[in-house]
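Observations on the model geometry
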Amino acid sequence: MTWLITGGAGYIGAHVVHAMTEAGERVVVYDDLSTGISERVPRDVPVVVGSTLDGDRVARILAEHDVTGVVHLAAKKQVGESVDLPLHYYRENVEGLRVLLEAVTAAGVGAFVFSSSAAVYGMPDVNLVTEETPCVPMSPYGETKLAGEWLVRATGRATGLSTASLRYFNVAGAASPELADLGVSNLVPMVFEQLTEHAPPRIFGDDYPTPDGTCIRDYIHVADLAEAHVAAARALSSSSGSSGSSGSSGSPGRDLTLNIGRGEGVSVREMIDTINAVTGYDTPPTVTSRRPGDPARVVASVDRVARELGWKARRDLHDMITSAWQGWLHHHPEAAHT
């Protein structure tokens, strides 16, 4: 098969591209490079610059490269920004997906992996979040991901397209330093930035009903997440057939919705303690007020993905922080602690 990976020059997307190529899959990257970096992509992988909103261009790429499967990661993903720019987020994330699916089904592509998010759950009041936990997203970003799942699932049922929606939990780490997360909206790079500037890491609230009073999250190494995409892609390709041809047999395609996490919770304070230990900074955090909408605990149940894909995360928290720090130093050598 040949896989089109939208958003393949981004932080997560580039890891998926590397994992897919290392697994022997043929890959083409489609990215508007608004946040992606083409140098992250292996040199022998074609990179086409374009938007998923450009249906004609997408259709040409699908035909020119004989694409038989799509992994769709291209999206806007900043929760706070989505609150300020909801129309932009719905246009990019939902309309862009609709246009892409229209081209995919017209081209007879047989498999579609969708990048979703644990943000679809909102503030779940459960010990472990299963795929049946009610989805009550609390931001336009989360809403667009849930609407995207609906759109993907409905298209699969109508056309026979085999689909998988992967609900990512908190992603960290790097498979190699040059692929590191360059943004500072996620906790790990945010703390790295604060330490680099000789500022104390911030904890947003320490009065939650958790053992140490700080929020608990499920963190997954980005390399494990990339391997989950390979497993999902192969599961769909085996169900759709190597020829692709969505809906040609008239039979329904496979329909998967899966949590992608480790199934283990780590508190914000534990995370900062680990970061201090790995970096050698040992800077005590400062506690500020809670952020609106932060749930006390969000940890994935990963039973379904193990059952459906035979996949399980292999890397631990120390692996995540160590690899992320090596990546941070690669791009910010001034951060080295002396």
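Just above sits the structure.
Below, the structure is looked at part by part. (Residues numbered from 1 in each chain as written. Predicted model: local features only at pLDDT ≥ 70, side-chain atom pairs only at ≥ 80, totals over all residues. Heavy atoms only, no water.)

This part is about the environment of Val94. In this structure, Val94 sits in helix α4 (residues 86-106). Placed 178 residues apart in sequence, Val94 and Ile272 show a C-alpha to C-alpha distance of 35 Å. Contact partners of Val94, with chain neighbours within four places excluded, come to Tyr89, Thr144, Ala147 and Leu151. (Helix = DSSP H or I, 4+ residues; strand = E, 2+ residues; numbered from the N terminus. Contact = heavy atoms within 4.5 Å.)

This part takes up the side chain of Asn93. Take Asn93: it is sitting in helix α4. For Asn93, a relative accessible area of 6% gives the class buried. Those residues within four positions of Asn93 in sequence are excluded, and the remaining contacts are Ala75, Lys76, Tyr141 and Thr144. (Buried < 20%, exposed > 50% of the residue type's maximum accessible area, 1.4 Å probe, protein only.)

What follows deals with the layout of surface pockets. Within this model, the second largest pocket holds a volume of roughly 170 Å³. In this structure, the second largest pocket is lined by His15, His18, Ala19, Glu22, Ala175, Leu179, Ala223, Ala226, Glu227, Val230 and Arg315. Looking at the lining of the second largest pocket residue by residue, the class counts come to six nonpolar, two polar and three charged. (1 Å grid on protein atoms, 1.4 Å probe; cavity = no way out; pocket = protein on both sides within 12 Å on 5 of 7 lines; lining within 4 Å. Points joined across faces, edges and corners; volume = space filled by probe spheres on them. Nonpolar A, V, L, I, M, F, W, Y, C, P; charged D, E, K, R; others polar.)

The next point concerns the pattern of salt bridges. Under the defined criterion, the tally for this structure stands at 17 salt bridges. A salt bridge links Glu131 to Arg304; its shortest N-O distance comes to 4.0 Å. Remark: Arg304 occurs in helix α9 (residues 303-309) and Glu131 occurs in the loop between β5 (111-117) and α5 (140-159); sequence separation between them is 173 residues. The partner of Asp294 in a salt bridge is Arg291, with the nearest N and O atoms 3.0 Å apart. Since its relative accessible area comes to 17%, Asp294 is described here as buried. (Salt bridge = Lys/Arg side-chain N within 4 Å of Asp/Glu carboxyl O.)

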